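Listed below are the residues making up each chain.
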Amino acid sequence: MSVVNTGNRQSGQYIRKLCRFADICRVQEKAMPQSHASFIQKVSTFGYHWADTRHPKSGKLIPAILEGRHIEMPTHGTSIEDHLAALDDLWQSIDPDAPSYTEYSSEDHPELYRRFANLPLVSEAVLEFVSTFGFLGVGHSITIIEDENPDGTKWGEYQTAEFANDWVRQIRMMQSSVNILDALDDILKPDTDALHKWFIYKESDWRVKAECLPGYKNQGKVEWVNLDCWTDDPNEFGSIPADDIIQVSTEFLRVLVTHQLEGRTSAMMIWDKNHTQTQLVHRPISLLGAMWVQFAGVLTRTNRFRSCAECGKVFELVRRDKAFCSEACQKRYGRKKAKRIQNT
Ligand SMILES: [Zn+2]
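*Asks:* Explanation requested: the sheet that holds strand E7 (residues 199-202) in the structure shown.
*Replies:* Hydrogen bonding along the main chain pairs the strands of a sheet, whether they run parallel or antiparallel. Within the open sheet, the 3 strands sit side by side as E7-E8-E9. Their pairing is antiparallel. The outermost strands of the open sheet, each flanked by one partner alone, are E7 and strand E9 (224-226). Strand after strand, the sheet turns through a mean of 35 degrees between neighbouring axes, direction not considered. Pairing analysis gives 3 bridges linking strand E8 (residues 205-209) to E9, with the strands arranged antiparallel.

So, in structure tokens, the structure goes:
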């Protein structure tokens, strides 16, 4: 009994301490976003641009997105006067009082992961996306200028660059994941034909299209990757029967989302709305993390937004078994499906 009492007394003290801590938190919490899954993103008001940029690791020139507008300076050989005039024009066009960044919360765009998945792989579309929603959080720090002070110490100017290949890989991965997710849709009945485009059972192993896998080394050279080689746990895919495409797809999404959330969220304690209870949540720390949290929210049914299976419009789920934004869309979908069945 005495052990329990001591425990209670100790936890009593601890709770009192925690309450003091809570008072401090309450003040800070006001400035924080309400939803645990939201991420506050900063978007540069000076825009973004593409530039051929030297990759800090490979040393190769690769297109990358940089913050700020593209500055067209007079080419080599122009007079110093022309050069200074161009610089002057540039300064004139910059409003020194304008804020450098605007902010938004990822919860204002609960379907952003879908918009990202639908991005065409062309530089204009990617630039438009980054100009509206900001960097993904996959950037590398690159050196703009580096020099030595007279005393021998180094100084430099660095900027974040998000390379085209990272964007392409992330868009492709979201694209295939959304395709698999939609094909698994239990409201519209799983589309096993669509799933067979992503998974095959060969030589007593389940395989997946290589482009679905993050950071797979031979990407581009190998079309199908053995799922057992991808994960360390042989029980994850090894025990799935050859005819169970639904199970392999579901398990794949679970493992992939876990992988994609790694290092892109951080755990924290937050208060509920009434300050009566705290809960442990995982808050995204980058835009890419926020989009994968949205994706995970669809799997765990905490993301209450869905895009219409017919027209693609995003709507809030009131009932769980709704797949369409309107009755009109539901009918149109039904007519198309009937036609498809007739034709086959
Ligand atoms: Zn619709």
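And the narrative resumes.
*Asks:* Whenever I open this one, the nonpolar core confuses me. Can you help?
*Replies:* Here is a general trend for soluble globular proteins: nonpolar side chains tend to be buried in one another's company. Counting residues in each nonpolar core, the largest one holds 46 residues, and the members touching the most others are Tyr 113, Phe 116, Met 174, Val 208, Val 248, Leu 287 and Met 291. Looking at this core, the elements with two or more residues in it are strand E3 (61-67), helix H3 (112-117), helix H4 (123-133), strand E6 (154-163), helix H5 (164-183), E8, helix H9 (245-261) and helix H10 (287-299). Here the element with the most residues in this core is H10; it accounts for 9 residues. Both domains that furnish three or more residues to this core are identified here as domain 1 (40-163) and domain 2 (167-304).

*Asks:* Where do I start with the environment of Ile 40 in this structure?
*Replies:* One can find Ile 40 in strand E1 (residues 40-44). Looking at Ile 40, the number of C-beta atoms within 10 Å reads 14, which means it is partly exposed. Through-space distance from the C-alpha of Ile 40 to that of Leu 287 is 8.5 Å; in sequence the pair is 247 residues apart.

*Asks:* What is the right way to look at H9 in this model?
*Replies:* Side chains of residues three or four places apart in an α-helix project in the same direction, reflecting 3.6 residues per turn. Between its first and last C-alpha atoms H9 spans 24 Å; for 17 residues at 1.5 Å apiece the expected length is 24 Å, and the two agree. Its buried side turned inward, H9 meets H5, helix H6 (192-195), E7, E8, helix H8 (234-238) and H10. Just beyond H9, the residue with positive phi is Gly 263, at close to 75 degrees.

*Asks:* Can you help me understand the pairing of strand E11 (residues 278-284) in this one?
*Replies:* In this structure, strand E10 (residues 265-271) lies alongside E11, joined through 7 bridges in antiparallel fashion. When the bridges of E11 are listed, Ile 270 appears paired with Gln 279. Linking two consecutive strands that pair antiparallel, namely E10 and E11, is a turn of 6 residues; a positive phi of about 60 degrees is found at His 275 within it.

*Asks:* Help me understand the sheet that holds E3, please; the structure alone is not making it clear to me.
*Replies:* Taken together, the 4 strands give an open sheet; going across it, the order is E2-E3-E6-E5, and neighbouring strands pair in antiparallel fashion. The sheet is open, and its two borders are formed by strand E2 (48-54) and strand E5 (140-148), each paired with just one other strand. Strand-to-strand twist across the sheet, computed as the mean angle between neighbouring axes with direction ignored, equals 45 degrees. As paired strands, E2 and E3 are joined by 7 bridges and run antiparallel to one another. The residue bridging Arg 54 from the neighbouring strand is Leu 61, located in E3. H4 rests against E2 and E3 of the sheet, and its axis sits at about 120 degrees to E2. The strands that H5 touches are E3 and E6; relative to E6, the one it contacts most, it runs at about 35 degrees.

*Asks:* I would appreciate a short explanation of unusual backbone geometry in the present structure.
*Replies:* With the exception of glycine, most residues fall at negative phi, and the peptide bonds are largely trans. One non-glycine residue with positive phi stands out, namely Ser 204, at about 55 degrees. As for its placement among the helices and strands, Ser 204 is situated in the loop between E7 and E8. A residue is classified by how many C-beta atoms lie within 10 Å of it, and Ser 204, with 8 of them, is exposed. Within the chain, His 275 stands out as a residue other than glycine whose phi angle is a positive 60 degrees.

Here is what the cut-offs are and how they apply
- Residues numbered from 1 in each chain as written.
- Predicted model: local features only at pLDDT ≥ 70, side-chain atom pairs only at ≥ 80, totals over all residues.
- Pairing = 2+ DSSP bridges.
- Helix = DSSP H or I, 4+ residues; strand = E, 2+ residues; numbered from the N terminus.
- Axes fitted to C-alpha atoms, helices over the stretch in contact; angles between N-to-C directions.
- Core = buried A, V, L, I, M, F, W, Y, C linked by C-beta atoms within 7 Å.
- Buried ≥ 20, exposed ≤ 12 C-beta atoms within 10 Å, placed from the backbone.
- Domains from an automatic or database assignment.
- Expected span 1.5 Å × (residues − 1).
- Contact = placed C-beta atoms within 7 Å.

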